[in-house]
Amino acid sequence: MKLKVFAATTLLISPLLFAGQVDNSAMVKKYHAQLEDVKSLLNETIVTTVLSVHIADAYRQFGGVLPEVTAHSKHIQRLKEDAEHLFGNALTETPFPNCRELVYDADKIWGLRLDLAKTNKTPGKEISSAEDKFVKAQSACVNEIKTPPPAKKDESKTAIIDITS
């Protein structure tokens, strides 16, 4: 008897459960098209961020602008351009939002490290916070890489904002 009640209840509420489900195949397709480029960008961003520490330390030690500092700044700028080309701007929907942010987090770390090297200050709360944010975004990016978006997504709680008025 309980099984019959469960089955009947499931049949009655199932339209409500799937009412907000919409096709997400475009995002799945985008995920597969971008996956290898995202993996490369992730690896390059991690290596670049680690190098930021060493290049900023060299800048501090030698007390002046080194060719490596300029080259590193240009490299980070290129990574940001690559990310924008791959993902679009911040308003563009992507299956890899944390991967997109990771590059900007790396740029922030580089800027903070360079400022610390120029002023010969010790790292403080701001750099620690930026590095924590980078590590969290890196972990979330890896999860985005490992987990493709679902074929259907729930938009029952999505709000539409009218910007025309």
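Look up: the structure comes first, before these words.
Visitor: What is the right way to read the nonpolar core from this model?
Guide: In terms of nonpolar packing, the biggest core is built from 23 residues, with Val38, Leu41, Phe87, Phe96, Cys99 and Ile145 touching the most fellow members. For this core, the secondary-structure elements that each account for two or more residues are helix H2 (25-62), helix H3 (67-87), helix H4 (97-119) and helix H5 (125-146). Ranked by residue count, the leading element in this core is H4, at 7 residues. Residues Leu66, Val69, Ile76 and Trp110 belong to the second largest nonpolar core, which totals 10 residues.

Visitor: Just to check I follow, could you spell out the state of the cysteines for this structure?
Guide: Taken as a whole, this structure holds 1 disulfide when the rule is applied. Residue Cys99 pairs covalently with Cys141 via a disulfide, S to S 1.9 Å. A torsion of 100° about the S-S bond marks the disulfide between Cys99 and Cys141 as right-handed. Here Cys99, found in helix H4, pairs with Cys141, found in helix H5; they are 42 residues apart in sequence, far enough to count as distant. Across the pair, Cys141 and Cys99 agree in class, each one buried.

Visitor: Would you mind showing me how to read the packing of H4 against H5 here?
Guide: In a packed pair of helices, the relevant descriptors are the angle between the two axes and the axis-to-axis distance. Interaxial distance between H4 and H5 falls to 8 Å at its minimum, and their mutual angle equals 155°. Accordingly, the angle class assigned to the pair H4 and H5 is roughly antiparallel. The handedness of the crossing between H4 and H5 comes out as left-handed. For the pair H4 and H5, the contacting residues are Pro97, Asn98, Cys99, Leu102, Asp105, Ala106, Lys108, Ile109, Leu112, Arg113 and Leu116 in the first and Glu126, Ile127, Ala130, Glu131, Lys133, Phe134, Ala137, Gln138, Ala140, Cys141, Glu144 and Ile145 in the second. Considered class by class, the residues forming the contact of H4 with H5 number 14 nonpolar, 2 polar and 7 charged.

What counts as what
- Residues numbered from 1 in each chain as written.
- Predicted model: local features only at pLDDT ≥ 70, side-chain atom pairs only at ≥ 80, totals over all residues.
- Heavy atoms only, no water.
- Core = buried A, V, L, I, M, F, W, Y, C linked by side-chain atoms within 4.5 Å.
- Buried < 20%, exposed > 50% of the residue type's maximum accessible area, 1.4 Å probe, protein only.
- Helix = DSSP H or I, 4+ residues; strand = E, 2+ residues; numbered from the N terminus.
- Disulfide = S-S within 2.5 Å.
- Axes fitted to C-alpha atoms, helices over the stretch in contact; angles between N-to-C directions.
- Parallel < 35°, antiparallel > 145°, perpendicular 65-115°, else oblique.
- Left-handed = near helix turned anticlockwise from the far one by under 90°.
- Contact = heavy atoms within 4.5 Å.
- Nonpolar A, V, L, I, M, F, W, Y, C, P; charged D, E, K, R; others polar.

None of this, on its own, says anything about what the molecule does.
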